[in-house]
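Observations on chain architecture
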Amino acid sequence: MEPTAAILCVDDEPQVLTLLHRILNGAFAPAVRVIASGSPGEALAQVEALATSGRDLIALVTDERMPGMSGEELIARIRALSPATPAILISAFASTELLGRVMGHSGLFRYIAKPFQPAELIAAVRDAERAFFQQKEFRHLDSLMRQAAGSGATPPEASRILQRQEALLELSLNSSQNFESRLFAILERTADVLAADRTCLLQYSNVSECFECTHLFDAKTGAHHSPRTILYAADHPSYAAAIGRGEIVIAKDVAHDPGALPSIAGLHQPRVTASIDAPVWQNGRLIGVLRGEAFSGPRDWSQEEIYFSMLAAHMIGAAREAEQRHRAEVRLRQAEERYRAIFENAVVGIYQSSMEGRLISCNPAMARLLGFESPAAMKGAVSDIAGEIYADPSRRDELIARLRENQVVVDFESTLRRRDGTILFVSESARLVPDPAGGIAYMEGIIQDITPRVRAARDLKLAKEAAEHANRAKGAFLATVSHEIRTPLNGVIGLLDFLLENGLPANLRAHARLAQESAHTLLATINDVLDFSKIESGRFELAESPVDLHRLVADIMALHAPGAAAKGIGLCATVDPAIPQRVLTDPLRVRQVLQNLIANGIKFTDAGGVSLRLGSRADGKAIVIEGAVEDTGIGIPAEAHDRIFREFEQADKTTSRRFGGTGLGLAICRSLIERLGGAIRVESEPGKGSRFLFHFRARSAPEADAARPPPRSPEPTRPLHILCVEDSPTNQAIARMQLAHMGHSVEIASNGQEAIARLSRANFDAILLDIRMPVMDGIGVARLIRDTGSPVIDHAAYLIAMTADAMEGDRERYLAEGMDDYISKPVAPEALRAALARAAAYADSRPQPPPAPPQAAGSQPATIAIEALWPIFAEEASTLLREMEQAMADGDAARIARAAHTLKGSSGSFGCHRLHRLCDGIEKEAAASHSDALHEWLRQARSEFDHTLIEHTPINPPS
Ligand code: ADP
């Protein structure tokens, strides 16, 4: 059946209209029909249709701003057609001024601000419904009265009834929200209608159970009073009981009616003779009594008068309710205005939208954010949020999906497109707003512009990448520079070592020593710089292995003892016996730290000495090694105590400082110690020496490790036949000398191609491969050797990369390229010896390599290289011979044997087999101290060498 009551919603925005309809339908259907009109014209037509079909329009809910007609005007026109219909205005733009106007002129029942809560709307419509039916009742009563007047009543009575009803109607239509003014009107009208001398309101307090006369109208004088007289319910029990039951208490003659309220001194002057008391109710609670009093003797109260009293009392209740509601509304509105101010002035964007993507409302910040001048402009321009606002519409789909899952989404990041096309990074937090029917009414959320933050993060990332790139570039630069420095340094150090070992005249020796020291300092500096850059760039790994710290300290002491002795200072070490024989740590790094501190101690101490102390304590499973290096040297001022641990910092900043150095040593020590899980600091005063205190963490080595003897560096067991592939003539000479010294025979190839050519004709026990070479580099050579399709005979030959590329990871890289071993330049003899020992072990353990084809006659190995290196060899040989002759004269057999051994090695390498044999003989004779035979051997060796020299002279020297 079609409901007889209807609610009409009017809004020109389809999505808002749908929302209103959905909310109200959920709350009022099916008892009430909810009608939606998209325009004021349509709304008026609907109201007319309702009127003709005799249906009640119980509430009108309308938007304020609509094309053609304002909400204000529409309310006025609808109330003209349906006067009892309360109107509710919904607007986002309501000012207090507008509200005052609308309420005054068109009888606005309620105002709701957008964005509104569904519950708020439903409550307003429910109130409207109640008000409507109250009005309707009065009107119905009115018509009944009119009918009664029209039928039987005598004309004067009929006109009195009509007059009373007019008064009633007037009172009921008084929509003033001011309780006092309505109450005064009711008291006056009631006095008039009842022909009473006085009317008053006795307000009831159920807390103190008393009646208080708060408002009194004196009909004779026309004055209003507030006597504030109090009557206790307990003093008038039957009266209070009857009123409490909701009865109207009528006293025709107060003096003889026990149930009536007696005259009260001070209130009733003269005595009250008749009274009528109607209880006033509000929301089911007694709040007072409307009392009519007569003073001119007993009188009757007619039925209409009783009825009127009841209605008037009812109206007082309604007026009180209206006032309270009005107050609540004012408070609510103030709160709303406050919130609206937040909404309007917020710096973040706030919006409400339908799930389908229509914007319902938004604040100015949101509009501004997206490049619109106002929320209205944005609402007018945007019809599909996903497609028009989101740079990637699927982001909004994802947001909705997440909302459906969790109801709330926080900090959802996406990109929005501004009106001018520029892109905005935003963080969005949103929630779903449910409708009463259990569905989703709409969604609302806030949007924050995080573009600056995103930009800053991106800039930071770019800067970080640039810094990383710069760091990598620095790493590459350091690698290159170090390579370029190490290569010639290899030659410098090797040749200086050679010169010093082989009989340089005493005056030149001192110079050569200085040169040698400088070269070693330079090498140490390069190593420091490289080390530091490795640590700093994070390309640095600790290599943990078992170590005997007692022995390590002894080694270091032995190493530095000559230096200390040369300066005339003491050097000693104490290692706590409690330190386990073997601990797990990075021995190389620990050695580096200790050596650095001791070297500094020696460097900065001129008198007294340097001492090292090492102790330990347990920390759970770890062992904490604690140590101190103390000296009696120059000391360090307090201001430099922190600074010296920073890179390139020295205590003495003056240009005239006495001590050299890079200022990197302690920075490296600190980084290493920290990486080892410890710390380092200094205690020192100028002139009083320094104490460097440090600790680091180690672990106890497993039992098995403790039992096993430390690995000894292997010695090659037999002479090897080696191919050295090296483009630098100096380095060729160095390698040749070093290898010859070790008793190996060597062939030289100056580049990769030459190496491959040699390897296609002969086998070698080991191949020393320089990496950076013209024509074909070491890696290319290694690949060709390993390539079974290449002409190389032995594809499994032992390849030793020999390079000045000494950055972290180089070893691994070369091993991955097919090398078997790696040694860095400048080549340390121990490293070379160890690598060759491994090569020998490998040669002994592997199956025989494929046989080499017989050598073609006349093709001497390494001819070109040997010719190129000849002058160096010639120089070396002549020096050694001179040294032997001098030693012979000095009667120093040991020196003769040493020199002969050296010349034996290099002459073998240079293919001077006779000289080689003669030197072998000299070495043996010297050892046996056969001086006569020695003379002869030596003479033959000199003559052999001179011959060889003559043989080689016509050949072009190397360019
Ligand atoms: P370098 O010794 O190469 O300058 P370090 O980083 O090892 O670099 O040392 C930094 C500075 O700390 C030194 O230059 C020196 O001024 C000061 N320093 C280090 N050790 C000592 C010490 N034992 N006595 C006095 N000063 C020292």
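Every chain is numbered independently, its residues counted from 1 as its sequence is written. In keeping with the model being predicted, local features are shown solely for residues with a pLDDT of at least 70 and side-chain atom pairs are shown and tallied solely at 80 or more, while totals for entire chains, interfaces and linings include all residues. With hydrogens and water set aside, each side-chain value is computed from the structure's full complement of heavy atoms.

1. Quick look at the overall build of the chain
Per the convention used, a helix needs a DSSP run of H or I reaching at least four residues, while a strand needs a run of E reaching at least two, with both numbered from the N terminus. Of the regular secondary structure elements, the chain holds 28 helices and 29 strands. Residue burial is assigned from relative accessible area. The probe radius is 1.4 Å, only protein chains are included, and a residue is buried under 20% of its type maximum, exposed over 50%, and partly exposed in between. The buried share of the chain, reckoned over its 959 residues, is 48%. Sequence separation of at least 24 residues holds for 64% of the intrachain contacts in the chain that already meet a minimum separation of 6. Per-residue and other accessible areas were derived by the Shrake-Rupley procedure at a 1.4 Å probe size, with only the shown protein chains allowed to occlude residues. Here the chain displays about 45,000 Å² of accessible surface, and carbon together with sulfur accounts for 56% of that area. Contacts were defined at the residue level, with two residues in contact if any of their heavy atoms lie within 4.5 Å.

2. Comments concerning the site of the ligand
Think of it this way: one heavy atom of a residue within 4 Å of a molecule or strand is enough to make that residue near it. As a matter of local geometry, the ligand sits amid 21 residues, with N600, D631, Q650, A651 and L666 nearest to it. Any N or O atom pair separated by 3.5 Å or less is treated as a polar contact, with the protein-specific requirement of one donor-capable and one acceptor-capable atom, and with residues adjacent in sequence counted only for side-chain atom pairs. One of the side-chain nitrogen or oxygen atoms of N600 is found 2.8 Å away from an oxygen atom of the ligand. Its free accessible area being 530 Å², the ligand has 95% of it covered by the protein chains. At the level of elements, α17 (587–603), α18 (665–675) and β24 (690–700) are the ones that each hand at least two residues to the shell around the ligand. Among the elements that make up the shell around the ligand, the one with the highest residue count is α17 (3 residues). Here the nonpolar group is Ala, Val, Leu, Ile, Met, Phe, Trp, Tyr, Cys and Pro; Asp, Glu, Lys and Arg are the charged ones; every other residue, Gly included, is treated as polar. Split into classes, the residues belonging to the shell around the ligand amount to 8 nonpolar, 9 polar and 4 charged.

3. A closer look at unusual backbone geometry
Most peptide bonds take the trans configuration, and most residues that are not glycine carry a negative phi. Of the consecutive residues A29 and P30, the connecting peptide bond is found in the cis state with omega at 5°. Here P30 shows up in the loop between α1 (14–28) and β2 (32–37). Residue R228 is not a glycine yet carries a positive backbone phi of 60°. When you line up the elements, R228 lands in the loop between β8 (223–225) and β9 (229–232). Looking at R228, the relative accessible area reads 48%, which means it is partly exposed. One non-glycine residue with positive phi stands out, namely Q407, at about 70°. As for its position among the elements, Q407 is in the loop between α13 (393–406) and β15 (408–417).

4. Here's the deal with the sheet that holds strand β1 (residues 5–10)
Any two strands with at least two DSSP bridges between them are considered paired. Strand order in the open sheet made by the 5 strands is β2-β1-β3-β4-β5, with parallel pairing throughout. Each edge of the open sheet carries a strand with a single partner, namely β2 and β5 (108–113). Going across the sheet, the axis of each strand differs from the next one's by a mean of 20°, ignoring polarity. Here β1 pairs with strand β3 (residues 56–63) via 6 bridges, running parallel. Paired with A6 across the two strands is L57, which belongs to β3. Axes here refer to lines fitted to C-alpha atoms; in helices the fit is confined to the stretch in contact. Angles between the N-to-C directions go from 0 to 180 degrees.

5. Considerations on the sheet that holds strand β17 (residues 440–449)
Spatial ordering of the open sheet is given by β14-β13-β17-β16-β15, a layout of 5 strands whose pairing is antiparallel. Each edge of the sheet is formed by a strand with only one pairing partner; in this case those strands are β14 (359–362) and β15. Strand after strand, the sheet turns through a mean of 30° between neighbouring axes, direction not considered. Strand contacts of helix α14 (residues 451–501): β15, β16 (423–434) and β17, with the helix running at about 130° to β16, the strand carrying the most contacts.

6. Here we look at the pairing of strand β28 (residues 799–803)
For β28, the tally of buried residues reaches 5 of 5 residues, placing the bulk of the element in the interior. Pairing of β28 with strand β29 (residues 821–824), which is carried by 4 bridges, proceeds in the parallel orientation. If you follow T803 over to β29, its bridge partner there is S824.

7. Some thoughts on the pairing of strand β23 (residues 679–684)
Only one face of β23 is buried: it carries I680, V682 and S684, and the other face, with A679, R681 and E683, is open. Here β23 runs beside β24; their pairing, made up of 6 bridges, is antiparallel. The residue bridging I680 from the neighbouring strand is F694, located in β24. Counting the residues in the hairpin turn of β23 and β24 gives 5 residues, including G687, whose phi is positive at 80°.

8. Quick look at the packing of aromatic side chains
Within 6.5 Å between ring centres, the rings of Phe, Tyr and Trp (the latter by its six-membered ring) count as paired, and their orientation is classed by plane angle as stacked under 30 degrees, edge-to-face over 60, tilted in between. Tallied over the full model, the rule gives 5 aromatic pairs. Both rings, one in F645 and one in F692, keep their centres 6.2 Å apart while their planes meet at 75°; by these two values the pair is edge-to-face. Taken together, the positions of F645 in the loop between β22 (622–631) and α18 and F692 in strand β24 put the pair 47 residues apart, joining distant regions of the chain. Overall, F645 belongs to the buried group, its relative accessible area being 5%.

9. Looking at the nonpolar core
With 43 residues, the main nonpolar core has L597 and F694 as its most contacted residues. Elements that contribute at least two residues to this core include exactly α15 (506–536), α16 (549–567), α17, β21 (609–619), β22, α18, β23 and β24. We call a set of buried Ala, Val, Leu, Ile, Met, Phe, Trp, Tyr and Cys residues a nonpolar core when their side-chain atoms join them within 4.5 Å.

10. Observations regarding the pattern of salt bridges
Any Lys or Arg side-chain nitrogen located within 4 Å of an Asp or Glu carboxyl oxygen qualifies as a salt bridge. Under the defined criterion, the tally for this structure stands at 47 salt bridges. With a shortest N-O distance of 3.0 Å, R291 and D277 are connected by a salt bridge. Pair noted here: R291 is in strand β12 (residues 285–294) and D277 is in strand β11 (residues 274–282), with a separation of 14 residues, a long-range link. For the residue pair R291 and D277, the accessibility class agrees, reading buried in each case. Look at the salt bridges and you will find they share partners, linking R198, D277, R291 and E293 into a network.

11. Things to note about the side chain of K379
Checked against the element boundaries, K379 lands in helix α11 (residues 375–381). Among the polar contacts listed, one links the side chain of K379 to the side chain of E13, at a separation of 3.2 Å. Those residues in contact with K379 that lie beyond four places of it in its chain are E13, L359, I360 and S361.

12. A closer look at α1
A helix is expected to span 1.5 Å multiplied by its residue count minus one. Taking 1.5 Å per residue as the helical rise, α1 with its 15 residues ought to reach 21 Å, and the 21 Å between its terminal C-alpha atoms agrees with that figure. Of the residues making up α1, those classed as buried are Q15, V16, L17, L19, L20, I23, L24 and F28.

13. Quick word on the packing of helix α7 (residues 179–194) against helix α9 (residues 303–345)
For any two helices packed against each other, one specifies the inter-axial angle together with the distance between the axes. Remark: α7 packs on α9, axes separated minimally by 10 Å, with the N-to-C direction vectors making an angle of 175°. One element, α7, and the other, α9, form an angle in the roughly antiparallel class. Where α7 abuts α9, its residues F179, R182, L183, I186, R189, T190, V193 and L194 lie against E305, F308, S309, A312, M315, I316, A319, R320, A322 and E323. Any angle between 65 and 115 degrees counts as roughly perpendicular, while under 35 counts as roughly parallel, over 145 as roughly antiparallel, and the rest as oblique.

14. Regarding the environment of A843
Relative to the elements of secondary structure, A843 occurs in helix α24 (residues 829–845). Its relative accessible area of 18% is what places A843 among the buried residues. Along the primary structure A843 and L720 are separated by 123 residues, whereas in three dimensions their C-alpha atoms are 9.5 Å apart. Apart from residues no more than four positions distant in its own chain, A843 is found in contact with R718 and D765.

15. Considerations on helix α20 (residues 729–741)
Taking 1.5 Å per residue, 13 residues should reach 18 Å; α20 reaches 18 Å between its end C-alpha atoms and fits that length. Of all 13 residues making up α20, 10 are buried, and the element is well covered by its neighbours. Those residues of α20 that fall on the buried side of the exposure criterion are N731, Q732, A733, I734, A735, R736, M737, Q738, L739 and A740. Where α20 ends, the next residue or the one after it, G743, has phi of about 90°, a positive value.

16. Here we look at the packing of α16 against α17
Axis separation between α16 and α17 bottoms out at 10 Å; the angle between their running directions is 25°. It follows from the interaxial angle that α16 and α17 lie roughly parallel. Seen from above, α16 lies across α17 with right-handed handedness. On α17, the residues touching L549, L552, V553, D555, I556, M557, L559, H560, G563, A564 and K567 of α16 are P587, V590, R591, L594, Q595, I598, A599, I602 and K603. Counted by class, the contact of α16 with α17 contains 13 nonpolar, 3 polar and 4 charged residues. Here a crossing is called left-handed whenever its near helix is offset anticlockwise from the far helix by less than a right angle, and right-handed whenever the offset is clockwise.

17. Things to note about the environment of A223
Along the chain, A223 falls in strand β8. For the pair formed by A223 and E188, sequence separation is 35 residues and the distance between their alpha carbons is 9.6 Å. Filtering out sequence-adjacent residues up to four positions away, A223 remains in contact with L216, F217 and D218.

18. Things to note about the environment of E639
Mapping E639 onto the fold places it in the loop between β22 and α18. Its relative accessible area of 55% is what places E639 among the exposed residues. A sequence separation of 12 residues divides E639 from A651, and the C-alpha atoms of the two residues are 8.6 Å apart. Of note is the side chain of E639, whose polar atom sits 3.2 Å from the side chain of R643.

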